[in-house]
Amino acid sequence: STPKFTESLVWLGRFLGAGICIGAGALGPAIGAGHVGDGTMEAMARQPELVGTMTIRMLLAQAVCGTTGLYSLLITLLILFAI
Amino acid sequence: STPKFTESLVWLGRFLGAGICIGAGALGPAIGAGHVGDGTMEAMARQPELVGTMTIRMLLAQAVCGTTGLYSLLITLLILFAI
Amino acid sequence: STPKFTESLVWLGRFLGAGICIGAGALGPAIGAGHVGDGTMEAMARQPELVGTMTIRMLLAQAVCGTTGLYSLLITLLILFAI
Amino acid sequence: STPKFTESLVWLGRFLGAGICIGAGALGPAIGAGHVGDGTMEAMARQPELVGTMTIRMLLAQAVCGTTGLYSLLITLLILFAI
Amino acid sequence: STPKFTESLVWLGRFLGAGICIGAGALGPAIGAGHVGDGTMEAMARQPELVGTMTIRMLLAQAVCGTTGLYSLLITLLILFAI
């Protein structure tokens, strides 16, 4: 059936909020993880025998970068499905 | 003929969404591809005999940067013409 | 009870303003503190005997980066609870 | 005379669109041209005898950065005066 | 007395415009001045005998960065008080 005007306003806010939330929230972690990868490549070029060790540290640092993205994903899912 | 008010709201959202989508979506790939080009130039200055090899890797890395731009382009076209 | 339309407009502005305020205000200090940490790591690699001294200076510089975040937090709390 | 409501909506969109268009469109070229200038200064410090040659290349690269600013200026003028 | 609806719309635009104007306008000069300071610190480390000379040039470059912030401040004050 046709939604009421008041329901539509809620969905308008829901979709805008979810879009801003995951849109902006996915921006930072990706840039941060890119910085980590950038530094890792230079580091590997200088100490090639540490490639294995550095790969694990790179993934660790990128996981830290990714945490705020997970916050955004969580809030986005809550906005869309739970509240 | 004059569009109805409800149709106009849909087109308002469509144009705003398409503009944000491709506007922001074209920002990142270009910056990313610029970083790749920046590093490539420095790399070529240090290893001039690898210019050909590096050009191909540069284009490969820039193509990866461009994928999210293609996502944005696809969604923009869908917003404007398909849904 | 159901809020009046005029009260709702005020709350609409209040939530949007608070979200923009702390959202954008938390962006800068984190990036700035990240730059400080970036430089500190490189500095420690070059002068390992100064790690303790540099840690204190790093925290000092990051505290300066954090001041604008505190401004944003203050204004956000004022928007939400005080005015 | 007082503009009609429908005319006002058009002007609202026109001014918002023009402001976003040239505001965001003037951001990128300036940052890009700044990166070019940054690299040029470092390059001149390393090869001072090439200052004249580098100045011309710097302006060439900055002109490329400026093209998207010209697109934005063109669209802004079209939004404000032509359509 | 209670403002009329039409006056309220003008003030809505005035406050949003002033906030965007000085908010975004204060972003760039600060980042630019930060880049100048970053380069100055590295330069001082390489040529410590030029600290005094570099300080003046740093302030000169940062003043140039600050000009667009002054434009924004001027326009913001005009939006709020003069027009």
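What you see is a predicted model, and the numbers here were worked out from it, not measured in a lab.

Basis of the calculations
Residues numbered from 1 in each chain as written. Chains lettered and ligands numbered in written order. Predicted model: local features only at pLDDT ≥ 70, side-chain atom pairs only at ≥ 80, totals over all residues. Heavy atoms only, no water. Helix = DSSP H or I, 4+ residues; strand = E, 2+ residues; numbered from the N terminus. Rg over C-alpha atoms; globule rule 2.2 N^0.38 Å. Buried < 20%, exposed > 50% of the residue type's maximum accessible area, 1.4 Å probe, protein only. Contact = heavy atoms within 4.5 Å. Axes fitted to C-alpha atoms, helices over the stretch in contact; angles between N-to-C directions. Parallel < 35°, antiparallel > 145°, perpendicular 65-115°, else oblique. Patch = residues over 30% accessible without salt bridge, like charges linked within 9 Å, V, L, I, M, F, W, Y side chains within 5 Å. Areas by Shrake-Rupley, 256 points an atom, 1.4 Å probe, with all protein chains shown as cover. Salt bridge = Lys/Arg side-chain N within 4 Å of Asp/Glu carboxyl O. Lys, Arg positive; Asp, Glu negative; His and termini not counted. Charge placed at Lys NZ, Arg CZ, Asp CG, Glu CD. Phe/Tyr/Trp six-rings, centres within 6.5 Å; stacked < 30°, edge-to-face > 60°. Lys NZ or Arg CZ within 6 Å of the ring centre and 35° of its normal. Expected span 1.5 Å × (residues − 1). Arc of directions from axis to C-beta. pLDDT = per-residue confidence, 0-100. Disulfide = S-S within 2.5 Å.

Some details on the overall build of chain A
Reasoning step 1: When helices and strands are counted, chain A shows three helices and zero strands.
Reasoning step 2: The N-to-C order of helical and strand elements in chain A reads α-α-α.
Reasoning step 3: By the compact-globule yardstick of 12 Å for 83 residues, chain A is too spread out, its C-alpha radius of gyration being 19 Å.
Reasoning step 4: Over its C-alpha atoms, taken along the principal directions, chain A stretches across nearly 65 × 15 × 15 Å.
Reasoning step 5: The proportion of buried residues among the 83 residues of chain A is 20%.
Reasoning step 6: Long-range pairs, those at least 24 residues apart, make up 75% of the contacts in chain A with a sequence separation of at least 6.

Focus: the packing of helix α1 (residues 5-25) of chain C against helix α3 (residues 51-82) of chain C
Residues and elements named next belong to chain C.
Reasoning step 1: Running from N to C, α1 and α3 cross one another at 170°; their axes reach a closest spacing of 8 Å. Our classification of the angle between α1 and α3 gives roughly antiparallel. Between α1, through Trp-11, Arg-14, Phe-15, Gly-17, Ala-18, Cys-21, Ile-22 and Gly-25, and α3, the contact on the second element is made entirely by Gly-69, Ser-72, Leu-73, Ile-75, Thr-76, Ile-79 and Leu-80.

Concerning a negative patch on the surface
Reasoning step 1: Negative charge collects at one region of the surface, where A:Asp38, A:Glu42, B:Asp38, B:Glu42, C:Asp38, C:Glu42, D:Asp38, D:Glu42, E:Asp38 and E:Glu42 lie side by side.
Reasoning step 2: Tracing the sequence through the fold places C:Asp38 in helix α2 (residues 27-46).

What about the packing of aromatic side chains?
Working definition: an aromatic ring pair is given by the centre-to-centre distance plus the angle between the planes.
Reasoning step 1: The final tally for this structure, using the stated rule, is five aromatic pairs over all chains.
Reasoning step 2: Between D:Trp11 and D:Phe15 the ring centres are 5.5 Å apart and the planes differ by 40°, which places this aromatic pair in the tilted class. One end of the pair, D:Trp11, and the other, D:Phe15, are both in helix α1 (residues 5-25), four residues apart, so they sit about a helical turn from each other.
Reasoning step 3: Since its relative accessible area comes to 52%, D:Phe15 is described here as exposed.
Reasoning step 4: Positioned over the ring face of B:Trp11 is B:Arg14, at 4.4 Å from the centre of the ring.

A closer look at the environment of B:Cys21
Residue and element names in this part refer to chain B.
Reasoning step 1: Along the chain, Cys-21 falls in helix α1 (residues 5-25).
Reasoning step 2: The sequence separation of Cys-21 and Met-54 amounts to 33 residues, and the corresponding C-alpha distance is 32 Å.
Reasoning step 3: Ignoring anything within four residues of it in the chain, the contact list for Cys-21 reads Ser-72, Ile-75 and Thr-76.

Things to note about helix α2 (residues 27-46) of chain A
Residue and element names in this part refer to chain A.
Reasoning step 1: The terminal C-alpha atoms of α2 lie 30 Å apart, and with 20 residues this matches the ideal 28 Å at 1.5 Å per residue to within 8%.
Reasoning step 2: Within α2, the full set of buried residues consists of Pro-29, Gly-32, Ala-33, Val-36, Gly-37, Thr-40 and Met-44. Around the axis of α2, the buried residues are gathered within 140° of arc, so they sit on the same side. Exposed residues lying more than 90 degrees from the buried face of α2 are Leu-27, His-35, Met-41, Glu-42, Ala-45 and Arg-46.
Reasoning step 3: Those residues of α2 that are buried lie in contact with α1 (5-25) and α3 (51-82).

Details of the arrangement of the chains
Reasoning step 1: For the non-touching pair chain B and chain D, the nearest C-alpha separation works out to 9 Å.
Reasoning step 2: Regarding chain C and chain E, the two do not touch, and the least distance separating their C-alpha atoms is 9 Å.

Overview of the side chain of C:Arg14
All names here are of chain C.
Reasoning step 1: Looking at the secondary structure, you find Arg-14 in helix α1.
Reasoning step 2: Here Arg-14 sits buried without a salt bridge, and the closest side chain of opposite charge, Glu-7, lies 8.7 Å off (N-O distance).
Reasoning step 3: With near-sequence residues (within four places) excluded, Arg-14 lies in contact with Ile-79, Leu-80 and Ile-83.

Focus: the confidence of the model for chain A
Reasoning step 1: Residues with a pLDDT of 70 or more make up 99% of chain A, whose mean pLDDT is 92.
Reasoning step 2: Confidence, expressed as mean pLDDT per element, reaches its minimum in chain A at α1(A) with 92 and its maximum at α3(A) with 94.

Section: the environment of B:Ala61
Reasoning step 1: With respect to the helices and strands, the residue B:Ala61 is situated in helix α3 (residues 51-82).
Reasoning step 2: It is 12 Å that separates the C-alpha atoms of B:Ala61 and B:Asp38, two residues lying 23 residues apart in sequence.

Description of a nonpolar patch on the surface
Residues and elements named next belong to chain A.
Reasoning step 1: The grouping of Ile-22, Leu-70, Tyr-71, Leu-73, Leu-77 and Phe-81 at the surface amounts to a nonpolar patch, some 640 Å² of accessible area in total.
Reasoning step 2: Ranked by the residues each element gives to the nonpolar patch, the list is headed by α3, at five residues.
Reasoning step 3: In this structure Leu-70 comes out as exposed when scored by relative accessible area, which is 55%.

A closer look at the environment of A:Ser72
All names here are of chain A.
Reasoning step 1: Secondary-structure assignment places Ser-72 in helix α3.
Reasoning step 2: On the accessibility criterion, Ser-72 (12% relative accessible area) is buried.
Reasoning step 3: Remark: the alpha-carbon pair of Ser-72 and Gly-23, spanning 49 residues in sequence, is separated by 8.7 Å.
Reasoning step 4: In this structure, Ser-72 is in contact with Cys-21, Ile-22 and Gly-25, ignoring residues within four places of it in sequence.

Some details on the state of the cysteines
When the sulfur atoms of two cysteines share a covalent bond, that bond is a disulfide.
Reasoning step 1: This structure, assessed with the given rule, holds zero disulfides over all chains.
Reasoning step 2: No disulfide involves A:Cys21; its nearest neighbouring cysteine sulfur is the one of B:Cys21, lying 17 Å away.
Reasoning step 3: Residue classification places A:Cys21 among the buried positions, given a relative accessible area of 17%.

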